[in-house]
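Structure assessment
One-letter residues, chain by chain:
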Amino acid sequence: MNFTNFGRYLLLLKAVFRRPEKFKIYLQAIFKQMDFIGVGSLGLIAIISTFIGAVMTLQIAFQLVSDFIPKTIIGSVNRDSTILELSPTISAIVLAGKIGSAISSEIGTMRVSEQIDALEIMGINSPGYLILPKIIAGITMVPLLVIVSMFLSITGGYLGGTLSGAITPADYMQGITTDFNPYTITVSLVKAFVFGFIITSVPAYEGFYVKGGALEVAQASTRAVVVSCISILACDYIVTQLLL
């Protein structure tokens, strides 16, 4: 059954990436989805990232009780864990819940109310028209949100660590600037690109093949979030294994 679903998913993606009929209409839809995915999620990502950074700094400071370990290591550990794992993965899982359920509900409602059938009767490539703008917006905006998340998480770590007295501002700044490897940013953005694709395409698939009524649309939304989260964690492991 899972192989059947995966096959249908691949066939849907093939239809999605067919050449669009009128690119101007697609462009309008892309900007609309960028606003929904990017601008609409900015506040949520900002709050979560800032607090995660602050909590991480306090926890690292709590673990490092030895006098032989310099305090600057707190900033280094927070920086690397934020860039490589926390910002891309936590942001993606949060966005899967917020954006994934919305996409699945929207397309699922269009399916059960026969709006998709009406589009196909008019000769419009419905997978491309409904899903392609979402995917393009996802792979564009999710990496940008992850960059914002990295910055705010490290800033949150600075605020949390200095205000609590766990680390001095000078030690934290020295920690986040010492031995920085820019390649970690590349790995993080590759993850964000992959996660952006998953967050938009998997819920779109779940919504596109809904059968029934409102109850089935709700079940598809739940399933979309669960499958997206599992896919994100699996791809997180694969990308990390390949690139690090």
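In what follows, the accompanying structure is described. Quick caveat, the model's predicted, so the values are computed rather than measured. (Residues numbered from 1 in each chain as written. Predicted model: local features only at pLDDT ≥ 70, side-chain atom pairs only at ≥ 80, totals over all residues. Heavy atoms only, no water.)

**A look at the overall build of the protein**
To keep things clear, this is the line we draw: Strands are runs of DSSP state E lasting at least two residues, helices are runs of H or I lasting at least four, and both sets are numbered from the N terminus onward. Buried means the residue's accessible area, taken with a 1.4 Å probe over protein chains only, is under 20% of the maximum for its type, while exposed means over 50%, and partly exposed covers the values in between. Contacts are residue-level and defined by heavy atoms, with any inter-residue pair within 4.5 Å sufficient. The protein chains shown are the only cover counted for residues, whose accessible areas, like all others here, come from Shrake-Rupley with a 1.4 Å probe.
For the protein, the helix and strand inventory stands at 9 helices and 0 strands. Listing each helix as α and each strand as β along the protein from the N terminus yields α-α-α-α-α-α-α-α-α. Seen through its principal axes, the protein has C-alpha atoms that stretch 70 × 35 × 30 Å. Taking all 244 residues of the protein together, 43% fall into the buried category. Taking the contacts inside the protein whose residues are at least 6 apart along the sequence as the reference set, 86% of them involve residues at least 24 apart. Total accessible area computed for the protein in this model is approximately 12500 Å², and 70% of it derives from carbon and sulfur atoms.

**Some points on the packing of aromatic side chains**
Selection criterion: Only centres within 6.5 Å qualify two rings of Phe, Tyr or Trp (six-membered ring in Trp) as a pair; their planes then separate them into stacked at under 30 degrees, edge-to-face at over 60, and tilted for everything else. The rule is short: NZ of Lys or CZ of Arg within 6 Å of the ring centre and within 35 degrees of the ring normal puts a charge over the ring.
For the coordinates displayed, the defined rule picks out 6 aromatic pairs. Among the aromatic residues, those joined into a cluster by ring pairs are Phe6, Tyr9, Tyr205, Phe208 and Tyr209. Cation over ring: Arg8 sits above Tyr209, and NZ or CZ is 4.1 Å from the ring centre. Its end group placed over the ring of Phe208, Arg111 keeps NZ or CZ at 4.7 Å from the ring centre.

**Some thoughts on the environment of Ala224**
Examined against the element boundaries, Ala224 turns out to sit in helix H9 (residues 214–243). The sequence separation of Ala224 and Ile116 amounts to 108 residues, and the corresponding C-alpha distance is 19 Å. Dropping the residues within four chain positions of it, Ala224 is found in contact with Ser104, Val202, Pro203 and Glu206.

**As for the nonpolar core**
We apply this condition: Among buried residues, those of type Ala, Val, Leu, Ile, Met, Phe, Trp, Tyr and Cys that are joined through side-chain atoms within 4.5 Å constitute a nonpolar core.
Membership of the largest hydrophobic core comes to 39 residues, with the highest contact counts inside it found for Leu95, Ile107, Ile131, Ile199 and Ile232. Put simply, the parts of the chain that give this core at least two residues each are helix H1 (2–16), helix H2 (23–37), helix H4 (72–112), helix H5 (115–121), helix H6 (126–164), helix H8 (183–208) and H9. Ranked by residue count, the leading element in this core is H6, at 10 residues. Contacts of Leu95, omitting those with residues within four sequence positions, involve Ser41, Ile45, Gly100, Val142, Leu145 and Ile199. Formed by 10 residues, the second largest nonpolar core is a distinct cluster that contains Met56, Ile60, Leu86 and Ile167.

**A closer look at a nonpolar patch on the surface**
What counts is decided by this rule: Two distance rules govern patches: like charges are joined within 9 Å, and nonpolar side chains (Val, Leu, Ile, Met, Phe, Trp, Tyr) within 5 Å, applied only to residues with over 30% relative accessible area and no salt bridge. Throughout this description, the term salt bridge denotes a Lys or Arg side-chain nitrogen within 4 Å of a carboxyl oxygen of Asp or Glu.
Together, Phe23, Leu27 and Phe31 give the surface a local cluster of nonpolar side chains, amounting to about 320 Å² of exposed area. Relative to the elements of secondary structure, Leu27 occurs in helix H2. Residue Leu27 is classed as partly exposed on the basis of its relative accessible area, which comes to 35%.

**Things to note about the environment of Arg79**
Selection rule: Any pair of nitrogen or oxygen atoms within 3.5 Å is treated as a polar contact; in protein, a donor-acceptor pairing is required on top of that, and neighbouring residues in sequence qualify only through side-chain atoms on both sides.
Locating Arg79 in the fold gives a position in helix H4. Judged by relative accessible area, Arg79 falls into the buried class, the value being 4%. With sequence-adjacent residues up to four places away left out, Arg79 is seen in contact with Ile154, Gly175, Ile176, Thr177, Thr178, Asp179 and Phe180. Within the local environment of Arg79, its side chain forms a polar contact with the side chain of Asp80, the two groups lying 3.0 Å apart. At a separation of 2.9 Å, a polar atom in the side chain of Arg79 contacts the main-chain carbonyl oxygen of Ile176.

**Overview of the pattern of salt bridges**
Scanning the model with the defined rule gives 6 salt bridges in all. With a shortest N-O distance of 2.9 Å, Lys191 and Asp236 are connected by a salt bridge. Taken together, the residues Lys191 in helix H8 and Asp236 in helix H9 connect sequence positions 45 residues apart. Judged by its relative accessible area of 1%, Lys191 is buried. One salt bridge connects Arg223 with Glu206, and the closest N-O pair in it is separated by 3.0 Å. You can see Arg223 sitting in helix H9 and its partner Glu206 sitting in helix H8, a full 17 residues away along the chain. Judged by its relative accessible area of 11%, Glu206 falls in the buried class. One salt-bridge network, in which partners are shared between bridges, spans Glu85, Lys191 and Asp236.

Interpretation in functional terms is not warranted from these geometric data alone.
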